Amino acid sequence: MGYCYMCEKKERVAYFSYFCEDCRKIKHLLNLYGDRVNEVLEHVLVRPIDKQEHKIKDEVKKDIETKAYSLRSSIKKA
């Protein structure tokens, strides 16, 4: 029948439709609530820039601690 135009993973509901069942529901919500849907998605699912920077710092800190620990371990063995 063909794949959904939005997600490109599931099959379309009918031959002449463009979307699968899930994407059709999403489109319906977008038509009902407009920009509010985008605001909610950004707020709930997307990490803000300051939170991204915090997450990056945490990940870098973990890497540094791991490398420091492995360096200390290798020095003790020698």
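Residues numbered from 1 in each chain as written. Predicted model: local features only at pLDDT ≥ 70, side-chain atom pairs only at ≥ 80, totals over all residues. Heavy atoms only, no water.

Chemist: Before we go on, may I ask you to explain the overall build of the protein chain in this structure?
Modeler: In terms of regular secondary structure, the protein chain is built from 3 helices and 0 strands. Reading the secondary structure of the protein chain in the N-to-C direction produces α-α-α. As presented, the protein chain carries roughly 7,300 Å² of accessible surface, and 59% of it is formed by carbon and sulfur atoms. (Helix = DSSP H or I, 4+ residues; strand = E, 2+ residues; numbered from the N terminus. Areas by Shrake-Rupley, 256 points an atom, 1.4 Å probe, with all protein chains shown as cover.)

Chemist: What's the story with the pattern of salt bridges in this structure? I'm lost.
Modeler: Side chains that carry opposite charge are capable of pairing whenever their charged atoms lie near each other. Counted according to the given criterion, the structure contains 3 salt bridges. With a closest N to O distance of 2.5 Å, Glu21 and Arg24 form a salt bridge. Here the residue Glu21 and the residue Arg24 both occupy positions in helix α1 (residues 21–33), the gap between them amounting to 3 residues, near one helical turn. For Arg24, a relative accessible area of 42% corresponds to the partly exposed category. (Salt bridge = Lys/Arg side-chain N within 4 Å of Asp/Glu carboxyl O. Buried < 20%, exposed > 50% of the residue type's maximum accessible area, 1.4 Å probe, protein only.)

Chemist: Whenever I open this one, a nonpolar patch on the surface confuses me. Can you help?
Modeler: The grouping of Val40, Leu41, Val44, Leu45 and Val46 at the surface amounts to a nonpolar patch, some 440 Å² of accessible area in total. Relative to the assigned elements, Leu45 resides in helix α2 (residues 35–45). Judged by relative accessible area, Leu45 falls into the exposed class, the value being 65%. (Patch = residues over 30% accessible without salt bridge, like charges linked within 9 Å, V, L, I, M, F, W, Y side chains within 5 Å.)

Chemist: Would you mind showing me how to read α1 here?
Modeler: The terminal C-alpha atoms of α1 lie 19 Å apart, and with 13 residues this matches the ideal 18 Å at 1.5 Å per residue to within 8%. Backbone geometry just downstream of α1 places Gly34 in the positive-phi region, at approximately 60°. (Expected span 1.5 Å × (residues − 1).)

Chemist: I tried to follow the side chain of Arg12 on my own but got confused; where do I start?
Modeler: Assignment of secondary structure puts Arg12 in the segment before α1. For the buried Arg12, no salt bridge exists, and the shortest N-O distance to an oppositely charged side chain is 7.7 Å, to Glu11. For Arg12, the side chain forms a polar contact with the main-chain oxygen of Ser17, separated by 3.3 Å. Excluding anything up to four places from it in sequence, Arg12 contacts Met1, Gly2, Tyr3, Cys4, Tyr5, Ser17, Tyr18, Phe19 and Cys20. (Lys, Arg positive; Asp, Glu negative; His and termini not counted. Polar contact = N/O pair within 3.5 Å; in protein donor to acceptor, adjacent residues only side chain to side chain. Contact = heavy atoms within 4.5 Å.)

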